[in-house]
Amino acid sequence: MAWARDLGWSLLAWCLGLALQLQQAVLWSWSVYSACMALALVGAWLLRRVTVFQSAHAGVRQALWGLVWATAAFGLTGWQAGTRAGGMAPWLEGQDLDVVGVVQAMPQRQDLGWRFRFRLEQASRVDKSGARHELNLGADLPTQVYLGWYGQDGLHDSGWNVSPLPEPVKAGERWRFRVRLKAPHGHMNPRGFDYELWLWEQGIRATGYVRSGAKDPAPQRLAHTGAHPIEAWRQSVRDRLLSQETLAGGDAAAAQRAGVVAALVTGDQAAIERADWDVFRATGVAHLMSISGLHVTMFAWLAGGLVAWGWRRSALWGFNGALRWPAVHVGALAGWALAGFYALFSGWGVPAQRTLWMLGVVLLLKMSARHWHGGLIWLLAGTLVLTLDPWAMLQPGFWLSFVAVGVLMASGRAHPAARQPAGTQSSSDPLQGQPHLPPQPRLGGLLSVWLGLMRLVREQAIVTLALAPLTLLFFGQVSLVGLLANLWAIPWVTLVVTPLAMLGLLGSGFAVLAAWALQPLMSGLGWLATWPMASVSTAMPSWGLGALALLGAWGLVLKLPWSWKLLCLPLLWPVLWGESPRPEAGHFELLAADVGQGNAVLVRTATHSLLYDAGPRYSAESDAGHRVLVPLLAQMGERINTLMLSHRDSDHTGGAAAVLAMQPQAALWSSLEDAHPLHALRPGWVRCQAGQSWVWDGVQFEVLHPALSPNAPGRTSRPNEVSCVLRIGNGKASVLLAGDIEVAQEQALLQAGSPSAGPSGLAPVDVLLVPHHGSQTSSSTAFLQALQPRFALVQAGYRNRFGHPAASVVSRYQAQGIALVESSRCGAAIWRSDVPDEVQCERVRARRYWHHVMVP
């Protein structure tokens, strides 16, 4: 029908206008966005009232209406963004602040403490004399911050020194803390997780930590306000489930299962162990281990059925309302309302929102005796979700959730309310009239089960194939055992584990049964994950190739002629066998990853790769390997030949174990002591020493330092002094990776020279990895004058506690005319030997208005 076509076009135009606003690097003034909305209103009035527009061609009118809706969406999204644009004053970063506020949401347990959202009610700055100066919330500070409260006393070369964990905080409690805050700032790497976008979407404009040292006032719980009751209930349920399940099993495996049960009930995905997430992703069942649309639909169906049954029975008890309002409508409304409460209770994720809005649209149509096409319902639900949360469009979960439902609808598995032909009544109410159909023979029980199983296999195969391009696009990985795993996991989790887990709200015995039911599932998934080629990783395709592959996958699962399906196969080829562009023979590329306070530099030639250092260890269970390097190497489709660890400090070796585990072919070079635990992962490791050299694809690699083995007589005990120093060059351009060497080692290098420069000293280079992150102990004037680099890369964390790079060192580089490229300002930095006078910064290339811009 024409109205349905027009509505679908309008919804699509709205989404396109919204998507366009998300590409802005800088927000415009609120008045500009208000003008866009006003212009859209004027345009709508003209299209409806002015004769010349009413008599225009239908295609022209559709285009104009699309422009109106897109302009309105652009303006509304920009206006929404403007309401979140306020941040903290830069001069307050890193200062001691005394704050009073309320815990807004269920705290997330970290390995060394807690992370939680905190709404400020009062704030004052504490100067060096101890005097307090009141701050203006909303002007000096945002009202919502993200705090960490850790039981630790610092990060040292050997790792974390852990003190007792802080007492738990609870949602709704009012606390007084002494904190230090900073602007939202995360790592920026190609196609990496956008932490700043996540904070923006949550409305958080500052992060920080609670200070609880000997010289700081102790944190003080002031009162329980009663605010945020749902979050407080979520927290109590999660804590109770975790304690019950751990006590039921009493071992590490039981604790792991407890985390899955808690995630299924409360939506706390952080309760699931990282190793379990790896298994779930490898087997393609990760979507089941959080609150998904399937769980919300099941909850709505069960709740609605129970309410409808009780409503019908109430007529026998003398309740007249049961005779006025049909039980099917009352049950459906109650089921939808209770499903909405469940979605809120579980954290209000995108899959839950999508399902709730779809169910709401279907319910509204059913009660009004209207029947819409399933695609229109799907598009309306997506538009509602994006209007309420525009930044959900940039999250993989949004696309995976909506595409899965959309492809089932398009392939003939649409919702029954959408498939029902006009003129018939809903089959949900047996008391309503039905079209006259000839009697159908009853199928045998076994045949019905077989047909149901085949339908499940078909639907799962359709979803698996349709989502494969998206999983490659977002994660660079697709599970080959996903179809088999989901055929078993979906009914088991949906019909057994999740109902038992939810009944755990009523009695602890049900939660224990849910944990036991998880045991065979997790064992089976772990076994599937060990299969050869259980999952395949490829280089992440470009967005254009990903869209073509998605179109090809949809063509294969839709009801199209086989000749058309064959034409869709070539669209999948670039995604499945694509590779990240590499340097030509004789050239090389440098990618300095944004890992915070630590070094990690990827060097690529035409057919080889070397990773110099593996970034820092962030905490006892988190490091740059898992969080940055492994995903970065996977999305590039990179198989490194060598991992070189310059020395044993944890800001250089923190992610090494994760990288070596995910890159089994990589050789290990290091200056670590023989007994270091990392050497056990590569028994054939090689010690780096001055004089070693090799050539890859016309590019020469030279080790310039250290000269002594760490076990040799006379070796110093300081790890910085034995850092592996690597020079890379092709005769036209060169790089020096200097680790954490200090002035004494710089002087030794100047005296010893290098094979490339001869005995006269170090040869000039184009790029220098700044020694020791810009510490005052390094970067002597003589060293800089000898190297004369165009660029100096500083890999240091934003507002790190060491003050790197030191102001005096920055002045030294500036005095020599050397361009300093800091990872905190640049993000990941890319330099190519064929374009030696240019460094590409990820923060510049991918800048959006929610990203933090540092004050010069």
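Keep in mind that this is a model prediction, so the values were computed, not measured.

Colleague: Looking at this structure, I do not really get unusual backbone geometry. What am I missing?
Modeller: Only a minority of non-glycine residues have a phi that is not negative, and only a minority of peptide bonds are not trans. For the bond running from H705 to P706, omega is 10°, close enough to zero to count as cis. Locating P706 in the fold gives a position in the loop between β22 (699-705) and β23 (725-729). Of note in the backbone geometry, R191 takes a positive phi value of approximately 60° without being a glycine. Position of R191 among the secondary structure elements: in the loop between β8 (173-182) and α5 (195-201). Not every positive phi belongs to a glycine, and R799 is a case in point at roughly 50°. Along the chain, the position of R799 falls in the loop between β26 (791-794) and α26 (807-815).

Colleague: Quick question: what am I supposed to make of the sheet that holds strand β19 (residues 667-670) here?
Modeller: Across a sheet, paired strands are connected by hydrogen bonds in the backbone, their directions being either parallel or antiparallel. Ordered in space as β20-β19-β18-β15-β14-β13-β28-β29, the 8 strands form an open sheet in which the pairing is mixed. Of all strands in the sheet, those with a lone pairing partner are β20 (686-687) and β29 (835-841), marking the two edges. Pairing between strand β13 (residues 589-592) and strand β28 (residues 829-832): 4 bridges, direction antiparallel. Pairing of L590 across the sheet is with W831, part of β28.

Colleague: Help me out: how do you make sense of the state of the cysteines in this one?
Modeller: Where two cysteines share a covalent bond between their sulfur atoms, that bond is called a disulfide. Scanning all chains against the criterion turns up 2 disulfides. One disulfide in the model links C688 with C724; its S-S distance is 1.7 Å. Here C688 is found in the loop between β20 and β21 (693-696), whereas its partner C724 is found in the loop between β22 and β23, with 36 residues between them in sequence. As far as burial versus exposure is concerned, C688 and C724 are alike and both buried. With a sulfur-sulfur separation of 2.1 Å, C826 is cross-linked through a disulfide to C841. Taking the sign of the S-S torsion, -105° for the link of C826 and C841, the bridge is left-handed. Taken together, the positions of C826 in helix α27 (residues 823-826) and C841 in strand β29 put the pair 15 residues apart, joining distant regions of the chain. There is no split in this pair, since C826 and C841 are both buried. Ordinal numbering of bonded cysteines along the protein chain defines a disulfide pattern of 1-2, 3-4. You can see C36 has no disulfide; the closest cysteine sulfur is in C15, sitting 17 Å from it.

Colleague: What is the right way to read the nonpolar core from this model?
Modeller: For soluble globular proteins, the rule of thumb is that nonpolar side chains tend to be buried together. Core analysis: the largest hydrophobic core is formed by 32 residues, its most contacted members being V260, F280, V285 and M289. Of all the elements, helix α18 (residues 508-529) adds the most residues to this core, at 9 residues. Among residues more than four places away in sequence, those in contact with V285 are F280, A485, N486, A489 and L525. Counting residues in hydrophobic clusters, the runner-up holds 31 residues, among them V699, F701, F791 and C826.

What counts, and at which threshold
- Residues numbered from 1 in each chain as written.
- Predicted model: local features only at pLDDT ≥ 70, side-chain atom pairs only at ≥ 80, totals over all residues.
- Heavy atoms only, no water.
- Helix = DSSP H or I, 4+ residues; strand = E, 2+ residues; numbered from the N terminus.
- Pairing = 2+ DSSP bridges.
- Disulfide = S-S within 2.5 Å.
- Buried < 20%, exposed > 50% of the residue type's maximum accessible area, 1.4 Å probe, protein only.
- Core = buried A, V, L, I, M, F, W, Y, C linked by side-chain atoms within 4.5 Å.
- Contact = heavy atoms within 4.5 Å.

The values reported here are purely geometric and, on their own, carry no functional implication.
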